[in-house]
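Each chain is listed here by its residues.
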Amino acid sequence: MVSAEGVDVLNTAVETTAEKSIYVEMETEENGINGPRNDIQGFVSAKGEGSDVTFTRERPLIMKESRISSGCSCSAKKLKSRVVATDSEPGKKEVFGHDKKLSRQDRIELGRLFQGAVSSHDWELAESLILLADPQTLNDALCITLDSIWFLSTQQELHGITGLIKKIIANGAYDFTRAALRTSFLASCVSACQSRTMSLADTVTVMAQRLHERLQECNGDEVLKAEAGAKVQKFTEWALKCIGFHSRCQGNKDRISHCSAVEVQLQLSAFKTFLDLAGNQLSGKDFTEAFDAACFPLTLFSSSFDPGWASGISATAIQGLLGMLVEGGADNVNQCFLEASRFGSTELVRILLQIAQRNSLDVDVDLALGFASHYCKIGTMECLVEEGNAIAFLGPLMRAAERGCMQVVEWFVTRGCRDMELCLALTAATSSSQVDVAAYLLPHVPHHVLAALSIEIIKAAGERSGGSLDGVAFLLRSDFLGDPVATYAVADSIARSDDEAVAPELKVFLQEHWSEAAFFSGLKQGQEHYMNVIRVLKWGGSPICLRDLPAPLRVTIAYLPLYRECVESGGCLLSQRIRGQLVEAVRRLGGGVLEEVSQCRELLVALEHHLPPFLLHAPRVV
């Protein structure tokens, strides 16, 4: 998903020295781009069209800072001269405001100069450049200025930036949607990169890996997913380059510095000023998409966060930003909350829980627990239960048992489940033939619950078995009722039942292997087998005279297959068919009649007494 060339370019941008110019221009996508997470889930609608929200046309990064004071002023004069000359050409009327239109080259140059002025806090130069801008460049300038608020650190800088935002808007900037989405995305990346375990170089690998994982987990056309991934990666790389540049301006080569509580409040104050100036130009949909854009990077970077990041100073800015977006009309808190739970973004889940509580919003913690457990996000599950008060264990527990996800099943059992929840989970594991999970759950289900629901457990497991009855066989072999008589009786009862609700496959299986009739069939098969062995010994035409072999070898020839079948079956009980064959074999070998249902182990020991020791296996029937 992430090309080597793209990673190289990003590394170069992050590590470049102040000696080189950094300038990135991302052309506006023809159809625009929606919020980043929506690009993964469905940037492209059923018709393959994107939304009309424009994310890009970025002109964010500047040239060498040491050249700003002289170079920018000189270039500004040249640019102003070109603009004036163009506007003064014969035959052209003087143009103002929205009628002004710069050439592509002039827009690029003006963007460079403006970025340089903002980064060097040369507010006078920046304001003079605004007067030269056409509407498109004003929108770009609004984005550039708004992006810089997440790096300001003093009251003087706050005053300069907010004054600049006001002047840009007063001169005709109107694309508040793009500015809000873009700066929300960037603010999230800034907060993510302030984790002490995350360097800017590390973010390249983390971002690429997590983006690839998320695309793999999403359904849809592979081509569309690739296109969505490319868009998201392109914008994320821009954000990291922007962070890298500002980090170097602050004297940090490969790590963004941590903000103080005062600095965070200044940054949030600047963003609030922007929202106030935008007023009703930002719709509820805009706030919703900006909220989505802010949440998305946190899911990409969540694996690199320190434990407790959400309650630290690094997360304060993003908490404040998300809170303001909710106040503005964002209505997708629950949607982002569920997505964060699905992808195991525990710290984002924690933040969204706090935002929901502060704003009296409902978030579906139980559904979120289902998502987190389905993808085995244990840390997120703990957060949802301990901080979100999720209590609906049954559904997630049963689905984990069906899938054979032992880690999740163990977690739920350890947290504490009701008796019926454990019983239903055991049934789910049995029906899906998840023998290991069923073996883990069986001792945790109280005996009185198993005794009361034994028939229903077997019937339900057989009904939902999907063709394999290994789980049912496991329960019976394990003597799940703790009483061989009762366990065999349950199997026989279902085998004899006329209940149409009993799955035909289950009924046939029990009739052939676990019913009382199957025991007598096994006895008969044992008798026939013995007679066949006698015939071979007396009248067989084999060149080897079997009657002359030692007795243990004759027994081996006759009963080794039966012995191996008994050993391989495992468990406390043998199926009735095998038990019948073994009873007849032991009787013929002079071991007496051991027909009691609780004598499976004694039967096997009696047979082993007649076999050569080197053929014996460690007992699995106990």
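What you see is a predicted model, and the numbers here were worked out from it, not measured in a lab.

**As for the overall build of the chain**
Point 1. For the chain, the helix and strand inventory stands at 29 helices and 0 strands.
Point 2. Among the 622 residues that make up the chain, the fraction classed as buried is 54%.
Point 3. Contacts spanning at least 24 positions in sequence make up 77% of the contacts within the chain whose residues lie at least 6 apart.
Point 4. Looking at the chain as shown, the accessible area adds up to about 27200 Å², and 51% of this sits on carbon and sulfur atoms.

**A few points about the packing of aromatic side chains**
Point 1. Counted by the stated rule, this structure contains 9 aromatic pairs.
Point 2. Taken together, a centroid distance of 5.5 Å and an interplanar angle of 70 degrees make the contact between Phe 519 and Phe 520 edge-to-face.
Point 3. Put simply, the rings of Trp 150, Phe 176, Phe 271 and Phe 274 pair up and form one aromatic cluster.
Point 4. Lying over the aromatic face of Tyr 488, Arg 579 brings its terminal NZ or CZ to 5.5 Å of the ring centre.

**Examining helix α11 (residues 261–278)**
Point 1. Helix length check: α11 (18 residues) gives 26 Å between terminal C-alpha atoms against 26 Å at 1.5 Å per residue, within 8%.
Point 2. In this structure, the buried residues of α11 make contact with α6 (135–147), α7 (155–170), α8 (176–193), α12 (284–301) and α13 (316–328).
Point 3. In the segment just after α11, Gly 279 is the residue with positive phi, at about 55 degrees.

**A short note on the packing of α6 against α7**
Point 1. Two elements in contact, α6 and α7, have axes whose closest approach is 10 Å; the angle formed by their N-to-C orientations is 165 degrees. Classified by the angle between their axes, α6 and α7 sit roughly antiparallel to one another. When you trace α6 past α7, the crossing you get is left-handed. Here Leu 138, Ala 141, Leu 142, Thr 145 and Leu 146 of α6 come into contact with α7, specifically with Ile 161, Leu 164, Ile 165, Ile 168 and Ile 169.
Point 2. Looking at the contact of α6 with α7 residue by residue, the class counts come to 9 nonpolar, 1 polar and no charged.

**Here we look at the pattern of salt bridges**
Point 1. One pass over the structure, following the stated rule, counts 15 salt bridges.
Point 2. Arg 587 serves as the salt-bridge partner of Glu 584, at 2.8 Å between the closest nitrogen and oxygen. Here the residue Glu 584 and the residue Arg 587 both occupy positions in helix α28 (residues 576–588), the gap between them amounting to 3 residues, near one helical turn.
Point 3. Overall, the relative accessible area of 36% leaves Arg 587 in the partly exposed class.
Point 4. Where salt bridges share partners, they join Asp 140, Asp 175 and Arg 178 into one cluster.

**Focus on the side chain of Thr 430**
Point 1. By secondary structure assignment, the location of Thr 430 is in helix α20 (residues 419–431).
Point 2. Its relative accessible area of 1% is what places Thr 430 among the buried residues.
Point 3. Ignoring sequence-local partners within four residues, the contact set of Thr 430 consists of Ala 438, Ala 461, Gly 471, Val 472 and Leu 475.

**A look at unusual backbone geometry**
Trans is the common state for peptide bonds, and a negative phi is the common state for residues other than glycine.
Point 1. The residue His 121 is not glycine, and still its phi comes out positive at about 60 degrees.
Point 2. Its identity is not glycine, yet Ser 360 carries a phi of approximately 55 degrees, on the positive side.
Point 3. Inspection of the secondary structure puts Ser 360 in the loop between α15 (346–358) and α16 (365–374).
Point 4. Relative accessible area serves as the criterion here: at 65%, Ser 360 is assigned to the exposed category.

**Structural notes on helix α23 (residues 470–477)**
Point 1. Counting buried positions along α23 yields 6 of 8 residues, so the element is predominantly enclosed.
Point 2. Within α23, the full set of buried residues consists of Gly 471, Val 472, Ala 473, Phe 474, Leu 475 and Leu 476.
Point 3. Looking at the buried positions of α23, the neighbouring elements they touch are α20, α21 (435–441), α22 (447–463), α24 (484–496) and α25 (504–513).
Point 4. One or two positions beyond α23, positive phi appears at Asp 479, with a value near 50 degrees.

**What to know about the confidence of the model for the chain**
Point 1. Residues at a pLDDT of 70 or more form 77% of the chain, whose mean pLDDT is 80.
Point 2. Confidence over residues 1–71 falls short of pLDDT 50; this stretch has 174 contacts with residues more than four positions distant or in other chains.
Point 3. Confidence drops under pLDDT 50 across residues 90–97; counting only partners more than four residues distant or on other chains, this segment forms 6 contacts.

**As for the environment of Ser 468**
Point 1. Of note, Ser 468 is situated in the loop between α22 and α23.
Point 2. When its relative accessible area of 24% is taken as the criterion, Ser 468 is described as partly exposed.
Point 3. In this structure, the C-alpha to C-alpha distance between Ser 468 and Ser 431, residues 37 residues apart in sequence, is 8.0 Å.
Point 4. Leaving out residues up to four positions away in the same chain, Ser 468 has contacts with Ser 431 and Ser 433.
Point 5. Here the side chain of Ser 468 touches Ser 433 through a polar contact of 3.0 Å, side chain to side chain.
Point 6. Only 3.4 Å separates the side chain of Ser 468 from the backbone nitrogen of Asp 470, close enough to count as a polar contact.

**Observations regarding the packing of α20 against α22**
The axes of two packed helices give the description: the angle between them and the distance between them.
Point 1. Interhelical geometry of α20 versus α22 gives an angle of 30 degrees and a closest axis separation of 10 Å. For α20 against α22, the interelement crossing comes out right-handed. In this structure, α20 uses Asp 419, Met 420, Cys 423, Leu 426, Thr 427, Thr 430 and Ser 431 to contact α22, whose residues at the interface are His 448, Val 449, Leu 450, Leu 453, Ile 457, Ala 460 and Ala 461.
Point 2. Of the residues in the contact of α20 with α22, the class split is 9 nonpolar, 4 polar and 1 charged.

**A short note on the side chain of Gln 576**
Point 1. Assignment of secondary structure puts Gln 576 in helix α28.
Point 2. Residue Gln 576 is classed as buried on the basis of its relative accessible area, which comes to 5%.
Point 3. In this view, Gln 576 contacts Tyr 488, His 513, Trp 514, Ser 515, Glu 516, Ala 518 and Phe 519; residues no more than four positions away in its chain are not counted.

Reading the values: rules and limits
- Numbers given to residues run from 1 along each chain, matching the order in which its sequence is written.
- At least 70 in pLDDT is required for a residue's local features to be given in this predicted model, at least 80 for side-chain atom pairs to be given and counted, and no such filter applies to totals for whole chains, interfaces and linings, which use all residues.
- Hydrogens and water are ignored here; the side-chain numbers use all heavy atoms of the structure.
- Each helix is a run of H or I in the DSSP string that is no shorter than four residues. Each strand is a run of E no shorter than two, and both are numbered from the N terminus.
- Relative accessibility under 20% of the residue-type maximum defines a buried residue, over 50% an exposed one, and the middle range a partly exposed one, all with a 1.4 Å probe and only protein chains included.
- Contacts are residue-level and defined by heavy atoms, with any inter-residue pair within 4.5 Å sufficient.
- Method for areas: the Shrake-Rupley scheme with a 1.4 Å probe, in which residue coverage is limited to the protein chains shown.
- Pairing of aromatic rings covers Phe, Tyr and Trp, the last through its six-membered ring, and needs centres within 6.5 Å; plane angles under 30 degrees mean stacked, over 60 mean edge-to-face, and all others mean tilted.
- Sitting over a ring, as applied to charges here, requires NZ of Lys or CZ of Arg to be within 6 Å of the ring centre and within 35 degrees of the ring normal.
- In this analysis, the expected span of each helix is defined as 1.5 Å times one less than the number of residues it contains.
- Every axis in this analysis is a line fitted to C-alpha atoms, fitted for helices over the stretch in contact. Angles between the N-to-C directions lie between 0 and 180 degrees.
- Angles are sorted into four bins: roughly parallel if under 35 degrees, roughly antiparallel if over 145, roughly perpendicular if 65 to 115, and oblique for all others.
- Two helices that cross are described as forming a left-handed crossing if the nearer one is turned anticlockwise from the farther one by less than a right angle, and a right-handed crossing if clockwise.
- Residues are sorted three ways: Asp, Glu, Lys and Arg are charged, Ala, Val, Leu, Ile, Met, Phe, Trp, Tyr, Cys and Pro are nonpolar, and all the rest, Gly among them, are polar.
- Just to be clear on terms, a salt bridge is a Lys or Arg side-chain nitrogen sitting within 4 Å of an Asp or Glu carboxyl oxygen.
- Each residue carries a pLDDT score, the predictor's confidence in it, ranging from 0 to 100.
- Pairs of N or O atoms within 3.5 Å make up the polar contacts considered here, provided that, within protein, one atom can donate a hydrogen while the other can accept it, and that residues adjacent in sequence are counted only when both atoms are side-chain atoms.

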